[in-house]
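For reference, the chains in residue letters:
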Amino acid sequence: MSRRLVSLTLDTLEDLPRSCRECVFWELDPVAADRACAAGDPGLEKEAWVSQTLLEWGSCGKLVYVDGMPAGFVMFAPPAYVPRSMAFPTSPVSPDAVLLMTAHVVQPFADGGLGRMLVQGVARDLTKRGVKAIEAFGDAKFGEVDEAGRNERGCLAPADFFLSIGFKTVRPHPRYPRLRLELRTALSWKSDVEYALEKLLGSMSPESLLRPVLPVRPATREMTN
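Residues numbered from 1 in each chain as written. Predicted model: local features only at pLDDT ≥ 70, side-chain atom pairs only at ≥ 80, totals over all residues. Heavy atoms only, no water.

Identification of the protein as GNAT family N-acetyltransferase from Dactylosporangium sucinum is taken from an unreviewed UniProt entry.

I tried to follow the layout of surface pockets on my own but got confused; where do I start?
Over the atoms, a rolled probe matching the size of one water molecule traces out where space is still vacant. Looking at the largest pocket, its volume works out to about 640 Å³. Around the largest pocket sit 29 residues that line it, and Ala103, His104, Val105, Phe142 and Pro158 are the ones nearest its centre. Where the lining of the largest pocket is concerned, the elements lending two or more residues are α1 (18-21), β4 (97-105) and α4 (114-128). Counted by class, the lining of the largest pocket contains 18 nonpolar, 8 polar and 3 charged residues. (1 Å grid on protein atoms, 1.4 Å probe; cavity = no way out; pocket = protein on both sides within 12 Å on 5 of 7 lines; lining within 4 Å. Points joined across faces, edges and corners; volume = space filled by probe spheres on them. Helix = DSSP H or I, 4+ residues; strand = E, 2+ residues; numbered from the N terminus. Nonpolar A, V, L, I, M, F, W, Y, C, P; charged D, E, K, R; others polar.)

Can you walk me through the pattern of salt bridges in this structure?
Between side chains of opposite charge, a pair can form when the charged atoms approach closely. All told, the structure shown has 10 salt bridges when counted by the stated rule. Between Glu27 and Lys46 there is a salt bridge whose closest N-O contact spans 3.0 Å. Residue Glu27 is located in the loop between α1 and α2 (30-39), and its partner Lys46 is located in helix α3 (residues 42-56); the two are separated by 19 residues in the primary sequence. Both residues of the pair, Glu27 and Lys46, count as buried. Linked through salt bridges whose partners overlap, the residues forming this network are Asp96, Glu135, Arg178, Arg180 and Glu182. (Salt bridge = Lys/Arg side-chain N within 4 Å of Asp/Glu carboxyl O. Buried < 20%, exposed > 50% of the residue type's maximum accessible area, 1.4 Å probe, protein only.)

Please clarify how the sheet that holds strand β6 (residues 168-171) should be interpreted in this entry.
Taken together, the 7 strands give an open sheet; going across it, the order is β1-β2-β3-β4-β5-β7-β6, and neighbouring strands pair in mixed fashion. A single partner strand is all that each edge strand has here, and the edge strands are β1 (3-7) and β6. Looking at each pair of strands side by side, their axes are set apart by 30° on average, direction ignored. Inspection of the sheet shows strand β2 (residues 61-66) paired to strand β3 (residues 69-77) by 6 bridges, in the antiparallel sense. Following the sheet pairing, Val66 is matched in β3 by Met69. Docked against the sheet, α3 engages β3 and β4, running at close to 65° with respect to β3. Helix-sheet contacts for α4 involve β1, β2, β3, β4, β5 (133-137) and β7 (178-182), and the interaxial angle to β2 is about 140°. (Pairing = 2+ DSSP bridges. Axes fitted to C-alpha atoms, helices over the stretch in contact; angles between N-to-C directions. Contact = heavy atoms within 4.5 Å.)

Structure representation (structure tokens):
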């Protein structure tokens, strides 16, 4: 099974799940988001946001493909590019951190370590750009619905997911804690998924890892009478 991690571009944006591709929860403030949804063109607003962020700041997302199929993605940006980042009770994001806006793994590929693989890809990218940490708003009640039967924060990842991959809570909240991951911690991970990916790409030698080196037996002569 091959796994491939790529950066989000206007071309790969099309590989996001449709509901995510047309979601502008993070990219616009609440009023502008409602206006875009009412006008029926949130997908265009999403594309415009990605285009602007790529031009002004650089890479703002990662996608992972498994056997050529889109299996998950993350999106991230400085809080100045994310209007919704100021709308939480645990805002604002620390000035030395980039906001990990959302993370999603397609259900058939869940529990395969792809979420960690995506976040580590973000960490490597941001470290090269001089960023010290990633922060995220987690949903401590992910999947629960309100009295009207709606999950209003479906664009947030579960707080438990962030905690499971090394994030620490920097500002607790019963629903929307803010969590933080120091990039040096992320880069020290040695997950099974990363190990398998390195072997796949040839950075490791499967032969040397899987086949023990046997001692050479000295040659023996047959004695003849």
